[in-house]
Amino acid sequence: MKECRMRRIIIRPPHCSRSVVLLVLAAIVWVDPTPGEAAVAAAAKAKPNVLLICVDDLKPLLGCYGEKQAHTPNIDRLAKRSVLFQRAYCNQAVCAPSRNALMTGVRPTTMGIYDLGTNFRAAQSNAVTVSQYFIQHGYRAEALRKIFHVGHGNHEDPASWSVPHFPVRSIFYLFPENHAKQGLTREEALFANLTPERLPRGAAYEAADVPDDAYPDGKLAAEAIRRLQAAKERTDQPFFLAVGFVKPHLPFCAPKKYWDLYERNSFEVPTLREPPASATSYAPSRWGELRQYKGIPESGPLDDDTARALIHGYYAATSYADAQIGRVLDELDRLGLAQNTIIVLWGDHGWHLGDHGMWCKHTNYEQANRIPLLITAPGVNRGGERTSSLAETVDIYPTLCELAGLPAPKVPQGIEGKSLVPVLRRPSRSVKEAIFHVYPRSRRGESQILGRAVRTERYRLVEWKKPGAPADTAEFELYDYREDPLETKNIATDEPGLVQRLHALIQALPEAKPQISAADRNPPPSHRTAMFERRDADKDGKLTREEFLKGQPDPAEAPGRFLRFDANKDGELGRDEYIHMGNPPGR
């Protein structure tokens, strides 16, 4: 029931007798004590939507990045409305740690996770992911396919999404001869969190003459379109939609029409097939991922025919992913959502295509770490612009928050990235002098060592040492990309002064953490995680005393339990403190 109030204004001019009173009916005001649907819809519309497009194993082998042979018309037209980052880098060239950096804003060296199988919450169970942060500020967050890495022992993160994650298979074949005769292939088992021992190898590529939706990325695009259509109908809540395309990840399976875009003999196999001269012996990759597929030798180099077929497959799979991205962008435009939607296209890391005699990712070299990054922000950037500003994956979290008008994130894990909004507004600007990435290796006589790398506009320095070991135990690689863009020689011993100057940038960061121990790898107890989420009424990632005590079955003992769980004695319970009952990891 709406309340009607009539206001009377009584005006008494100076020196006027009491008998002269002017009554003015100024207004009849209708006051609704609760906001109506129109007001809610208007508030939701004021907040921009977010479309985060993640593409697995996508290097900047795209038309918009100057690759003339690549057929990527849809990403190219996205570039015409975006700022294209020419010097964007991942924080580790492997799926899980790279995606952890995207979603948490924290580098692997801070988290202490460098492998595929350790879930990020084993290290920081109270972390607030970027999608969680948007949920806390009124967004509906949805994830389709590969946003976090799932497989090799790792799993999804339900707390990061408003609705259950939409899964699509990573490894998928249509030809019977490419399937295992019984059960799964090695890679299928790994991505299903099963053991691969004694299983057969699957094909490294496939070209079936089928429609796009016959392969998983086509199904993913169709689901993304359905989610956009549903979002259009919801006028009371902005969306954060994360869509994770699988290709061009191995195996290179794509409809035949995308293979037909290219002539195999037009591809050149790299002539440089050796690691950089004077590089440390453990720095190169042995490309074990590719060797899991049949037709690939278990050791030694590839012959040129096989190499050319794989390069062809990578281009075909990239064109297939590009077409699916185009379908999603077309629907965004058709629905009229584009003018109020921030779009980010991000590749999780690069890929070696035979350069240095290496394949896949898993190194600290340029081809494994440079990534495509396109950002479209209506009302902020002009579109069709390029920037030479350095950027790294951890920058995306604070950038999205600023673009959406959210408060600068003050989250338990801290944010190591910098917002790129100043660069979007003026692409000639730069917000950092260097970016940082890492890759682990083994060195004879030692447990795991880390290659911590700093990349500036011109140089890359890699420091190889055991976490926590003295600086004088380090070995170094140094590359000058102005003089040697192909990384043919490590010049660290020739340039000690330059090594010292660049090493100071690495040393200015906190010391890298070692890989989290096996004893800590188990995720938080699922029942306590769910209990925390239920009690955290305002979704701020912590429990007040009132939130903790509400509904406790033992009201007399519960206050003492709250004090015991409050390990840092700040009067609130963080996620770690609650889940681990006052004994969070690392204490």
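Keep in mind the model is a prediction, meaning the values are calculated, not measured. (Residues numbered from 1 in each chain as written. Predicted model: local features only at pLDDT ≥ 70, side-chain atom pairs only at ≥ 80, totals over all residues. Heavy atoms only, no water.)

Considering unusual backbone geometry
Comment: phi is negative for the bulk of residues other than glycine, and the bulk of peptide bonds are trans. Note the cis peptide between Lys247 and Pro248, where omega equals 20°. Here Pro248 shows up in the loop between β8 (239-245) and β9 (252-253). For the bond running from Leu250 to Pro251, omega is -10°, close enough to zero to count as cis. Inspection of the secondary structure assignment puts Pro251 in the loop between β8 and β9. Residues other than glycine seldom take positive phi values, yet Asp57 does so here, at roughly 65°. Here Asp57 is to be found in the loop between β3 (49-55) and α2 (73-79). (Helix = DSSP H or I, 4+ residues; strand = E, 2+ residues; numbered from the N terminus.)

Overview of the environment of Cys64
Position of Cys64 relative to the elements: it lies in the loop between β3 and α2. Looking at Cys64, the relative accessible area reads 7%, which means it is buried. Excluding its chain neighbours within four sequence positions, the residues that come into contact with Cys64 are Ile75, Asp76, Ala79, Leu84 and Arg386. (Buried < 20%, exposed > 50% of the residue type's maximum accessible area, 1.4 Å probe, protein only. Contact = heavy atoms within 4.5 Å.)

Looking at the pattern of salt bridges
Counting across every chain of the model gives 36 salt bridges. The closest approach of N and O atoms between Asp57 and Lys361, which form a salt bridge, is 3.0 Å. Within this pair, whereas Asp57 is found in the loop between β3 and α2, its partner Lys361 is found in the loop between β13 (359-360) and α10 (366-369), the two being separated by 304 residues in sequence. Of the charged contacts in the structure, one is a salt bridge between Asp494 and Lys489, with a shortest N-O distance of 3.6 Å. Among the residues examined, Asp494 registers a relative accessible area of 44% and is labelled partly exposed. With relative accessibility at 39%, the residue Lys489 sits in the partly exposed group. Each of Arg140, Glu142, Glu223, Arg226, Arg227 and Arg234 takes part in one network of salt bridges that share partners. (Salt bridge = Lys/Arg side-chain N within 4 Å of Asp/Glu carboxyl O.)

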